[in-house]
Amino acid sequence: MRFMSKVAILFLLAFVYSPGQELKYIEYDTDLLPTSFHKSRRDSLRAKIGNDAIAVVYSNWERVRNGDVEYQFRQDDNFYYLTGFPEPDALLLLVPKGLSVRNREDTSKTVSVTEVLFVRPKDPLREQWDGRRYGPEGAMKLKGFLHAETSDKFRQMFQQALFSSGARALYIPPMPEDLSQEMLDLLRPIRSMLEASKARHSQVEVRDPSPMVYSMRIIKSPEEIAILAKATQISAFAHNQAMMSCQPGMFEYELQAVYEYVYKKMGAEYPGYPCIVGAAENSIVLHYNTNRRQIKNGDVVLADCAAEYHNYSSDVTRTYPANGKFSAPQRRIYEIVLDAQNASIAMMRPGVAWRDVQAKADQVIEDGLFKIGVIKEKNVRAHRRFAIHGLGHPVGLNVHDVGAPVLQASMAYTVEPGVYIPEGAEGVDPAYYNIGVRIEDVILVTPEGNKNLSSDSPREMNEIEALMAKKGIGNQPVK
Ligand code: GLY
Ligand code: MN
Ligand code: MN
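What you see is a predicted model; the values in this text were computed from it and never measured. (Residues numbered from 1 in each chain as written. Chains lettered and ligands numbered in written order. Predicted model: local features only at pLDDT ≥ 70, side-chain atom pairs only at ≥ 80, totals over all residues. Heavy atoms only, no water.)

(A) Here's a closer look at the side chain of Ser-313. Along the chain, Ser-313 falls in strand S13 (residues 312-313). Judged by relative accessible area, which is 1%, Ser-313 ranks as buried. Excluding residues that lie within four positions of it along the chain, Ser-313 makes contacts with Leu-228, Gly-272, Tyr-273, Ala-307, Glu-308, Val-395, Gly-396 and Val-399. (Helix = DSSP H or I, 4+ residues; strand = E, 2+ residues; numbered from the N terminus. Buried < 20%, exposed > 50% of the residue type's maximum accessible area, 1.4 Å probe, protein only. Contact = heavy atoms within 4.5 Å.)

Set out below in structure tokens:
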């Protein structure tokens, strides 16, 4: 909640003002990425920018949803990758040449540091309203920073870093239009410097560090893979519970509730993206997420839903029959999509071009649609009417993460072929109308080939039907 709202001020005035007790920061999760991981990422970025440069990377900021309510805070991907720090209004300063700062334990001494994390100050009263803050000490102790400061020290230390180190380049991501007032204030010294340097043609070149960080994010470390695997397993279990719970008469949002219950129950902080549960005419809408329709007997249900665990998002889709038994037309489309998925996954290993993996799926879909008469000729335009998206994408901190044209071990990609037949599709047997099928799995490229991280949820039609014959957690009445 926005602390300084009128309601909050009135509420505060009604009670005796008390500065409160300092709240100690407590970190509950024990399986976060280790601080050594984030430190190694900062070491890499420092090496990439070189000794003649400094870098500033900033956190996300809180955004207003409506009135006094904010969206649940989620850290910026690159900032999280480099710091593991989960709070808003924080800045990371990297100074490869070293910056002389006062020693926090013995302030009469100075010490040279190559990085400083600037964070919100401790504030007992605000923390009792809005939640605990790490503060500089907490950031150093729990996040492994050699040096952290409150953000009011940023101006002076940034200027010191820029001028005393004789930096020739400043790396900073471009500042978006919608920065909060807090963030604008924090970044003011940089904005003033940029304006001044424009006027007098400064020697300091401004560059964006983001592409360097993106290139580091392509190959996942073993620690990242463990977290992505957990996000994916949670998503697979959620799909299983949704399939077991699904029955005609339920609303799409009731299945969404099953997914979100399982995410939270298993410790995932957020959905990786809004849950897509589309029955019948909604199964053909790729990113449908209003989820308000009632599910009817004979519908196909396409559910593209996955959890985000410790900032890593999975991305899994299952398509199932509302009544637990695939109809003959649903079965024919499903088989084509599953064949395309299996054929493309079988190709995935280090050294293979992603373009070739995609081409394989295209080929299988084209052949399959031709065989069942949905398309009457074999050409790209014919089957692309019904298979309207690419085969997949890398996953990681972002559900649509960064990748490279040729697969390497420890890359993670979704493989998600889909066929979508809208009502009234010209020249198509109406039996296929409103059938959308997508099957999406998270595939980790391994040195020997690949591993399906979402294999805890079945894809074979007979296995799906067997699972749907069971009862799930979504079948309990809520009273
Ligand atoms: N869930 C979004 C996608 O599959 O890309
Ligand atoms: Mn996807
Ligand atoms: Mn998806």
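(B) Structural view of the packing of helix H9 (residues 222-245) against helix H14 (residues 461-468). H14 packs onto H9 with a crossing angle of 65° between their chain directions and a minimal axis gap of 7 Å. On the basis of the axis angle, H9 is roughly perpendicular to H14. Residues Asn-240, Met-243 and Met-244 of H9 lie in contact with H14, whose contacting residues are Ile-464, Leu-467 and Met-468. Here the residues of the contact of H9 with H14 are counted per class, giving five nonpolar, one polar and no charged. (Axes fitted to C-alpha atoms, helices over the stretch in contact; angles between N-to-C directions. Parallel < 35°, antiparallel > 145°, perpendicular 65-115°, else oblique. Nonpolar A, V, L, I, M, F, W, Y, C, P; charged D, E, K, R; others polar.)

(C) Quick look at the state of the cysteines. A full pass over the atoms with the stated rule returns one disulfide. Here Cys-275 connects covalently by a disulfide to Cys-305, the sulfurs 2.5 Å from one another. Looking down the S-S bond of the Cys-275 and Cys-305 bridge, the torsion is 95°, so its handedness is right-handed. With Cys-275 in the loop between strand S9 (270-271) and strand S10 (276-279) and Cys-305 in the loop between strand S11 (300-304) and strand S12 (307-309), the pair connects residues that are 30 residues apart, well separated along the chain. Of the two residues examined, Cys-275 and Cys-305, each falls in the buried class. (Disulfide = S-S within 2.5 Å.)

(D) Broad picture of the pattern of salt bridges. Taken as a whole, this structure holds 28 salt bridges when the rule is applied. The partner of Arg-42 in a salt bridge is Glu-115, and the shortest N-O contact between them spans 2.8 Å. A residue pair is termed long-range when its members are at least 10 positions apart, and Arg-42 in helix H2 (residues 35-49) and Glu-115 in strand S5 (residues 110-119) qualify at 73 residues. Taking the shortest distance from any N to any O, the salt bridge between Arg-188 and Asp-185 comes out at 2.5 Å. (Salt bridge = Lys/Arg side-chain N within 4 Å of Asp/Glu carboxyl O.)

(E) Focus on the pairing of strand S17 (residues 435-438). Of the two faces of S17, the one carrying Ile-435 and Val-437 and the one carrying Gly-436 and Arg-438 are both buried. Here strand S16 (residues 418-421) runs beside S17; their pairing, made up of four bridges, is antiparallel. If you follow Gly-418 over to S17, its bridge partner there is Arg-438. (Pairing = 2+ DSSP bridges.)

(F) Focus on the coordination of the manganese ion (ligand 2). Those protein atoms acting as donors to the manganese ion (ligand 2) are Asp-315 (OD), His-393 (NE2), Glu-416 (OE) and Glu-440 (OE), and they sit at 2.0 to 2.1 Å. Here the manganese ion (ligand 2) binds six donor atoms, and the angle range of 51 to 158° at the metal identifies the geometry as irregular. In primary-sequence terms, the residues that donate to the manganese ion (ligand 2) follow D-x77-H-x22-E-x23-E. The metal-metal distance between the manganese ion (ligand 2) and the manganese ion (ligand 3) is 3.3 Å, with Asp-315 coordinating both. (Donors = N, O, S within 2.8 Å, 3.2 Å for Na, K, Ca; no water. Tetrahedral: all angles 85-135°; square planar, octahedral: opposite > 155°, others 65-115°.)

(G) Molecular detail of the site of ligand 1. Every residue close to ligand 1 is listed here: Tyr-273, His-287, Asp-304, Asp-315, His-393, His-400, Glu-416 and Glu-440. Between a nitrogen atom of ligand 1 and a side-chain N or O atom of Asp-304, the distance comes to 3.1 Å. Side-chain polar atom of Glu-416 to an oxygen atom of ligand 1: 3.1 Å apart, as the coordinates give it. Protein burial of ligand 1: of its 190 Å² of free accessible surface, 91% is covered by the chains. (Near = heavy atom within 4 Å. Polar contact = N/O pair within 3.5 Å; in protein donor to acceptor, adjacent residues only side chain to side chain. Areas by Shrake-Rupley, 256 points an atom, 1.4 Å probe, with all protein chains shown as cover.)

(H) Inspection of the side chain of Ser-235 at higher detail. Tracing the chain through its elements places Ser-235 in helix H9. A distance of 2.6 Å separates the side chain of Ser-235 from the backbone oxygen of Ala-231, its partner in a polar contact. Those residues in contact with Ser-235 that sit more than four places away from it in its chain are Tyr-263, Cys-305, Ala-306, Ala-307, Ser-314 and Val-316.

(I) Molecular detail of the coordination of the manganese ion (ligand 3). Protein coordination at the manganese ion (ligand 3): the donors are Asp-304 (OD), Asp-304 (OD), Asp-315 (OD) and Glu-440 (OE), at 2.0 to 2.3 Å from the metal. Classification of the site at the manganese ion (ligand 3) rests on its six donor atoms, whose angles at the metal span 58 to 171°, yielding the label irregular. Each donor residue of the manganese ion (ligand 3) belongs to the same chain, with the gaps between them written as D-x10-D-x124-E.

(J) Representation of the sheet that holds strand S19 (residues 450-452) within the structure. Taken in spatial order, the three strands line up as S15-S18-S19 in an open sheet, and their pairing is antiparallel. The strands lining the two open edges of the sheet, one partner per strand, are strand S15 (412-415) and S19. Each adjacent strand pair in this sheet contributes to an overall mean axis angle of 30°, direction not counted. Bridge count between strand S18 (residues 441-445) and S19: three bridges; the pairing is antiparallel. Bridge pairing in S19 places Val-445 opposite Asn-450. Contacting S15, S18 and S19, helix H11 (residues 328-347) crosses the sheet at an angle of about 155° to S15.

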